[in-house]
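Inside the fold
Each chain, written out:
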Amino acid sequence: MYVRARHFTSFRSFIHKRDFPANFSGCITCFCDPPSLLDKVYYEDILSEQGVWGTFGLHPHNANLFTNKLLKSMIEANSHPKSLAWGEMGLDYNDRVSDEVKYMQEKSFVKQLKAAVLLKKAIIIHGRGAPEETLVC
């Protein structure tokens, strides 16, 4: 939302500029692309704001970028006290996805699921066109 609105200061200043309801108390932001997962200063700055929590995981569209280094960064990020869940992660089998990409998505998804279980994190699953495969993983 920040990027789309071209807002680059605090969350509090953002909600004061917008028409948020009086009872709005916070938000959960999803860090699911590699640059945000690897930049600890970036996500810690955002999570330092009152009323902001986060989730961390690799979106299936980025499964080709999955590495053990990235997994380690996601484990570290999901250990942050304001991390609520592991995600967004999963399988996205749209009509343009090759078997090779499906394999990369499944590998990334399984490794993230195992890490989420170890950290006892809730999970946020992105699923499209692969309901059976998602449950099997």
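Anything mentioned here points back to the structure above.
What counts, and at which threshold
Residues numbered from 1 in each chain as written. Predicted model: local features only at pLDDT ≥ 70, side-chain atom pairs only at ≥ 80, totals over all residues. Heavy atoms only, no water. Helix = DSSP H or I, 4+ residues; strand = E, 2+ residues; numbered from the N terminus. Buried < 20%, exposed > 50% of the residue type's maximum accessible area, 1.4 Å probe, protein only. Contact = heavy atoms within 4.5 Å. Polar contact = N/O pair within 3.5 Å; in protein donor to acceptor, adjacent residues only side chain to side chain. Arc of directions from axis to C-beta. Phe/Tyr/Trp six-rings, centres within 6.5 Å; stacked < 30°, edge-to-face > 60°. Salt bridge = Lys/Arg side-chain N within 4 Å of Asp/Glu carboxyl O.

1. Considerations on the environment of Gln112
- Its location among the elements puts Gln112 in helix 6 (residues 99–119).
- On the basis of relative accessibility, which here comes to 1%, the residue Gln112 falls in the buried class.
- Put simply, Gln112 and Met74 are 38 residues apart on the chain and 8.6 Å apart in space, counted from C-alpha to C-alpha.
- Not counting the four nearest positions on each side in its chain, Gln112 is found in contact with Gly57, Leu58, Phe66, Met74, Trp86 and Met89.
- There is a polar contact of 2.8 Å between the side chain of Gln112 and the backbone nitrogen of Leu58.

2. A few points about helix 4 (residues 40–47)
- Taken together, the buried positions of helix 4 are occupied by Tyr43, Ile46 and Leu47. Taken around the axis of helix 4, the buried residues stretch over an arc of 95°, which confines them to a single face. Opposite the buried face of helix 4, at more than 90 degrees from it, the exposed residues are Val41 and Asp45.

3. Topic: the environment of Cys137
- Among the secondary structure elements, Cys137 is positioned in the segment after helix 7 (131–136).
- In the structure, Cys137 is positioned 19 residues away from Leu118 in sequence and 16 Å away in space, judged by C-alpha atoms.
- Setting aside chain neighbours within four positions, we find Cys137 in contact with Leu91, Glu106, Phe109, Val110 and Leu113.

4. Considering helix 5 (residues 68–78)
- Among the residues making up helix 5, those that are buried are Leu70, Leu71, Ser73, Met74, Ala77 and Asn78. Viewed along the axis of helix 5, the buried residues span an arc of 160°, placing them on a single side of the element. Those residues of helix 5 that are exposed and aimed more than 90 degrees away from the buried face are Asn68, Lys69 and Lys72.
- For helix 5, the elements touching its buried residues are helix 3 (34–38), helix 4, strand 2 (52–56), strand 3 (83–92) and helix 6.

5. Points about the packing of aromatic side chains
- Under the definition given, this model contains 4 aromatic pairs.
- Residues Phe31 and Tyr42 carry aromatic rings whose centres are separated by 6.1 Å and whose planes lie at 90° to one another, so their mutual orientation is edge-to-face. One end of the pair, Phe31, is in strand 1 (residues 27–31); the other, Tyr42, is in helix 4, with 11 residues separating them in the sequence.
- Overall, the relative accessible area of 39% leaves Tyr42 in the partly exposed class.

6. Notes on the pattern of salt bridges
- This model, assessed by the stated rule, comprises 3 salt bridges.
- A salt bridge links Glu76 to Lys40; the shortest N-O distance between them is 2.8 Å. Remark: Lys40 occurs in helix 4 and Glu76 occurs in helix 5; sequence separation between them is 36 residues.
- Taking the relative accessible area as the measure of exposure, Glu76 reaches 40% and is therefore partly exposed.
- By relative accessible area, which is 36% here, Lys40 ends up partly exposed.

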